[in-house]
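# Tertiary structure, described
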Amino acid sequence: MTVEQNVLQQHSQKHQQTLLNQLREVTGTTDIQLLQQALQVSNGDLAEAVAFLTEKNAKVPQQDEATYYQTSQVANDRYISVGSQADTNVIDLTGDDKDDLQRAIALSLEESNRAFRETGITDEEQAISRVLEASIAENKASLKRTHTEVWSDSPNPHDRKRMDNCPVGLKNVGNTCWFSAVIQSLFNLLEFQRLVLHYSPPARVQDLPRNQKEHRNLPFMQELRNLFSLMVGSKRKYVDPSRAVEILKDAFKSSESQQQDVSEFTHKLLDWLEDAFQMKAEEDREGEKPKNPMVELFYGRFLAVGVLEGKKFENTEMFGQYPLQVNGFKDLHECLEAAMIEGEIESLHSAENSARSGQEHWFTELPPVLTFELSRFEFNQALGRPEKIHNKLEFPSMLYMDRYMDRNRDITRIKREEIRRLKEHLTLLQQRLERYLSYGSGPKRFPLADVLQYAMEFASSKPVCTSPVEDIDTSAPPGGTTGTLEDGSATAAGPATAPTAAQQQRVPIHKPFTQSRLPPDLPMHPAPRHITEEELRVLEGCLHRWRSEVENDTRDLQGSISRIHRTIEMMYSDKSMMQVPYRLHAVLVHEGQANAGHYWAYIYDPHQRRWMKYNDISVTKSSWEELVRDSFGGYRNASAYCLMYINDKKPFLIEEEFDKETGQMLSGLDKLPPDLKQYVKEDNELFDKEIEEWDALQARKAQQEKLALATAAASTLAASMPQQDPEYMEQPSPTNDSKHLQEDMERAISKAAAEQEERSPEALLNAAIKVEYTRLLRFAQEDTPPEKDYRLQHIIVYFIQNQAPKKILERTLLTQFADRNLAFDERCKSIMNVARAKLDLIKPDEVNMDEYEMWHQDYRNFRETTIFMMIGLELFQKRNYVEALMYLIYSYQYNRELLAKGLYRGHDEELLGYYRRECLLKLNEQAAAMFESGEEPEVTTGLGIMNELVVPCIPLLLVHDAEKDLLAVEDMRNRWCSYLGQEMESNLQEKLTDFLPKLLDCSTEIKSFHDPPKLPTYSTLELCERFNRIMATLSRAPTECR
């Protein structure tokens, strides 16, 4: 069938497909032939078709030949569709009131058909509209919220700046991860990228009949071009696709919403693109058969070869995305084999005129881009909702399609027959091997070789002559007839008698829990009571021989099974069957359940020869191992949902474009046509202006801070002004800190005076500084437990451990001795004055005051981080997880910034990471327990904890790919996803469905909290004591909690 005929028949065919989809969703029936039968029997009346399919004792009528030739209602369509997933509001077909049920179905279908007749919009298109409208509404609503948001985009545009030529991400504008996954997969097909970028609308577009599709497709194509151009040449780390999504939303009118399905969206997207390119193709080649590049790129053909009651038929059909069932298969080839054969096919190539029916599919023409839909959703009739199939399904990075080609039909049939014969033989061998490995007739079975070995060990054990119970005296303790009590009195089985000398002798008692050695008279194993040497010799000979025979038989069976497996694996490995190679280009992954989840894509970069992970705004390097873990399924709730292969013999699909004159590879803006180049330049100029404004703002702030520092420094040089020192070193009044500092200085001065012969104030100052530095240096070098952190006691210890410059240390020590609180006697007062004079003599070029202030600010940050950590750990131990979380989050973030400058700038990152992770897990557990209670206040509180605290923190656990953090996130998500398969009230189900996308659809962009908790002020002594207590408590905790 030609493309022109497809276009002319498109409307009627899609209406027919819509009827099939509606019938499938209402009844849950997936058998396409049965659905077509129901429509035919009911003459297209959907109410009667539903009644036909739901009749309890209905018998399926025999197909006539005409029905069977129409093997698929989409036989003349451009793709095979598995239909949209069933909505969560599923009609219950199991009720007893059949009349009411039929009336409800009839009203529903009548309303659906009336809407189609009035608007020309199918239910499938309305479903697309609902999710797009919900996405845009959510995005707009997020801009209008008045309460303080927990998360916000980074105000620093440098955080949103694209690094070199890294791929550009797509912002999730509200449940649009499916859009990002599909668009990125198509964008990285460079041929598709070129087609979109260089698309130009028909010149005579105003003269064309402007139906609804044309109103939709042309603006959408322009927005898609704009989006692609930004993904090529933008200076931004990620771009916003809202305008393209807005165009899609405006194409339909609906107020409902649901999570969109990747395959359904891809169907529609390619459909719209095909329509747009068809308009252009018809204009460019008037009078000739137009070629549609979308059809040539994504659509292929297969030959349906069938037989019905002995009558053979052949039918050519077109396909786009090829649907494959996952359930019951272990790899992609098994799925394809099952999809290519329907029914009983022996009669297709049998000489006998059999009455059996069946058909085979053989590809006659494969598209350059071959896409497989993996059907991982099935409808649960009992629960009335779709469920996801989590089975493991393996697929190769290189797929050879030769065995499915029509030209190889004969040789493939021969090989299939050979494989069938080998599998039958393999089944027999495996059954025989199982009898050897699981021997016995009872519920417990063992390997036969082990059974024979055990029998031999039993026969070879030392014989015993008594029953195992005869030598045990139940009236006396083990080991003898008499036991001696602590007071020396004797107890015996009989009446009390005067103890004899023999009885008074202490009898050893067997203590099973304190003695590892068994009594010498107790046999190690059960043993035969009587066996002669001759019997043992004959029995051992037989058992040895039988065991050897069994082991040889087992090895032979295992070897034969392995050889058959290898033969089957190598059946298609000859060169003649490896001429149609398709390389894996993209894998679209879904994580979650049937009615909620998150999508991302793995896409292969052939130029860098590595896999990339596209997860909304995050684009990161990946590997085949990570792809396998997330895509094969069976391991967790994530699995591949769509596979995109490309013909490895058609390099133009992924080849870069070169300049025709210079021969240089085009990149960046050079790849764009003039109109898009200007569009991207304007957007980049806006972004550059945003960066300039940000830099100017930061420069003004820095200038103001420098001016403030200069003012403060000038005030310290004035003799009439008291020295202003950091609050962590001294206080203007005699607080605990200043008193503690005063005692340290007095001690240093006294020791210096005792050791120093010269008693001048300057000599004493130098000696005291040396004494104090030596003391602090010893603290800095001491190996102390975590609870005794000398860095909190003195800033100099912190500086020494982090290798601060000598000038910084000297000025800090001078400032310490210049404290006016030292003037408690004449000697100390004179030393203080000398220290102040030395500070005044220090020239600006001798000590960089910016650097000096930076080091002191780092120490202030260290103390602040310590207070966050200390309070967070204290609240955690009190099980106040809600309040503890913010302190632990901020302590971890600030501590990470400190550690980026040096190993000793902060605290143990693993410790903070552990308690941050545990706090989130505890909150998740509390929230889940509240949800399980079913009580409205409890449920609301639990979901509030998740939405306001847990969900916003998940990106922090994902951003660094720490294994323990990733597992914690997986545990939290799995806990909530597990509720999807459980019975619950409808209001709980609605809340769960609304909440799960937020939990699963988390961006990995690093964002910041607003308004950290306000910290109380602690003296150094108070801080050290509280820190010591909490850390000492942790040191007594289990190892994994420290």
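Predicted model only: the values in this text are computed from it and were never measured. (Residues numbered from 1 in each chain as written. Predicted model: local features only at pLDDT ≥ 70, side-chain atom pairs only at ≥ 80, totals over all residues. Heavy atoms only, no water.)

### Section: the overall build of the protein
Secondary structure summary: the protein contains 31 helices and 18 strands in total. Out of the 1042 residues in the protein, the part that is buried amounts to 47%. Long-range contacts, defined here as pairs at least 24 residues apart, represent 74% of the contacts in the protein between residues at least 6 apart. Roughly 54,100 Å² of accessible area belongs to the protein as shown, and the carbon and sulfur atoms make up 51% of that amount. (Helix = DSSP H or I, 4+ residues; strand = E, 2+ residues; numbered from the N terminus. Buried < 20%, exposed > 50% of the residue type's maximum accessible area, 1.4 Å probe, protein only. Contact = heavy atoms within 4.5 Å. Areas by Shrake-Rupley, 256 points an atom, 1.4 Å probe, with all protein chains shown as cover.)

### Looking at the packing of helix α21 (residues 761-781) against helix α24 (residues 826-841)
Packing of α21 against α24 leaves a shortest axis separation of 9 Å and a crossing angle of 80°. As the angle between them shows, α21 and α24 are arranged roughly perpendicular. For the pair formed by α21 and α24, the contact residues are P761, E762, L764, L765 and N766 on the first element and R827, S830, I831, V834, A835 and K838 on the second. Looking at the contact of α21 with α24 residue by residue, the classes come out as six nonpolar, two polar and three charged. (Axes fitted to C-alpha atoms, helices over the stretch in contact; angles between N-to-C directions. Parallel < 35°, antiparallel > 145°, perpendicular 65-115°, else oblique. Nonpolar A, V, L, I, M, F, W, Y, C, P; charged D, E, K, R; others polar.)

### Examining the packing of helix α28 (residues 936-958) against helix α30 (residues 986-1000)
In contact at an axis separation of 11 Å, α28 and α30 are set at 5° when each is read in the N-to-C sense. The angle between the axes of α28 and α30 places the two elements in the roughly parallel class. Contacts between α28 and α30 involve E936, V939, T940, L943, M946, N947, V951 and I954 on the former and, on the latter, N987, L988, K991, F995, K998 and L999.

### Comments concerning the pattern of salt bridges
By the definition in use, this model includes 36 salt bridges. The salt bridge involving R409 is made with D406; its shortest N-O contact spans 2.6 Å. We classify D406 as partly exposed; its relative accessible area is 23%. A salt bridge links R583 to D648; the shortest N-O distance between them is 3.7 Å. Taken together, the residues span a long stretch of sequence, with R583 in strand β14 (residues 581-593) and D648 in the loop between β18 (638-647) and α19 (674-717) at a distance of 65 residues. (Salt bridge = Lys/Arg side-chain N within 4 Å of Asp/Glu carboxyl O.)

### Here we look at the packing of aromatic side chains
What the rule picks out here adds up to 32 aromatic pairs. Here the aromatic rings of F302 and Y322 are separated by 6.2 Å at their centres, their planes lie at 85°, and the arrangement is edge-to-face. Here the residue F302 occupies a position in strand β3 (residues 300-308), and Y322 occupies one in strand β5 (residues 321-325), the gap between them amounting to 20 residues. Classification of Y322 by relative accessible area gives buried; the value is 2%. Here the aromatic residues Y798, F799, W855, Y859 and F862 are joined through ring pairs into a cluster of three or more. A cation sits over an aromatic face here: K613 above W600, 5.0 Å from the ring centre. For the cation-ring pair, R811 lies above Y852, with the distance from its terminal atom to the ring centre recorded as 5.3 Å. (Phe/Tyr/Trp six-rings, centres within 6.5 Å; stacked < 30°, edge-to-face > 60°. Lys NZ or Arg CZ within 6 Å of the ring centre and 35° of its normal.)

### Here we look at the environment of W855
Along the polypeptide, W855 turns up in helix α25 (residues 849-877). Taking the C-alpha atoms as reference points, W855 and F799, separated by 56 residues in sequence, lie 7.9 Å from one another. Excluding residues within four positions of it along the chain, W855 makes contact with F799, N802, Q803, A804, P805, I808 and R905.

### Overview of the environment of L920
Positionally, L920 belongs in helix α27 (residues 909-933). With relative accessibility at 0%, the residue L920 sits in the buried group. Taking the C-alpha atoms as reference, L920 lies 8.8 Å from M972; in sequence the two are 52 residues apart.

### Considerations on helix α23 (residues 806-817)
Along an α-helix, residues three or four positions apart point the same way, because every turn accommodates 3.6 residues. Between its first and last C-alpha, α23 extends 17 Å over 12 residues, near the 16 Å set by a 1.5 Å rise per residue. Turning to α23, its buried residues number three or more, namely I808, L809, R811, T812, L813, L814, T815, Q816 and F817. (Expected span 1.5 Å × (residues − 1).)

### Regarding the pairing of β3
For β3, the buried fraction is high: eight of the nine residues fall into the buried class. Of the strand pairs in this sheet, β3 and strand β4 (residues 311-319) are connected by nine bridges, and their pairing is antiparallel. Residue pairing in the sheet places F302 in a bridge with E317 of β4. Linking β3 to β4, which pair antiparallel, is a turn of two residues; within it E309 sits at a positive phi near 50°. (Pairing = 2+ DSSP bridges.)

### Remarks on the side chain of T371
Following the sequence through the fold, T371 ends up in strand β8 (residues 369-375). Looking at T371, the relative accessible area reads 5%, which means it is buried. If we skip the residues at most four places from it in the chain, T371 touches G320, Q321, Y322, C642, L643 and M644.

### Quick notes on the confidence of the model for the protein
Averaged over all residues, the pLDDT of the protein is 75; the fraction at 70 or higher stands at 68%. For the protein, helix α4 (residues 65-69) is the element with the lowest average pLDDT, namely 36, and strand β11 (residues 398-400) is the one with the highest, namely 94. Note on residues 56-98: pLDDT is under 50 here. Beyond four places in sequence and across chains, it has 107 contacts. Counting contacts from residues 717-735, a segment whose pLDDT is below 50, to residues more than four positions away or on other chains yields 40 contacts. (pLDDT = per-residue confidence, 0-100.)

### Things to note about unusual backbone geometry
A positive phi angle is found at R609, which is not glycine, with a value near 55°. Position of R609 relative to the elements: it lies in the loop between β15 (596-605) and β16 (610-615). For Q803, which is not glycine, the phi dihedral falls at a positive 55°. Structurally, Q803 is set in the loop between α22 (795-801) and α23.

### A few points about the environment of V969
Within the fold, V969 resides in helix α29 (residues 963-977). The sequence separation of V969 and P955 amounts to 14 residues, and the corresponding C-alpha distance is 9.4 Å. Every residue in contact with V969, bar those within four places of it in the chain, is listed here: I954, L957 and L958.

### Regarding the pairing of β18
Counting buried residues in β18 gives 10 out of 10 residues, a clear majority hidden from the surface. Inspection of the sheet shows β8 paired to β18 by five bridges, in the antiparallel sense. Counted as the bridge partner of V369 is I646 from β18. Sheet topology note: the β14/β18 ladder contains nine bridges and is antiparallel. Each bridged residue has a counterpart across the sheet, and for L588 the counterpart in β18 is C642.

### Some points on α21
With 21 residues, α21 extends 30 Å between its outermost C-alpha atoms, agreeing within 8% with the 30 Å of an ideal straight helix rising 1.5 Å per residue. Those residues of α21 not exposed but buried are A763, L764, L765, A767, A768, I769, V771, E772, R775, L776, F779 and A780.

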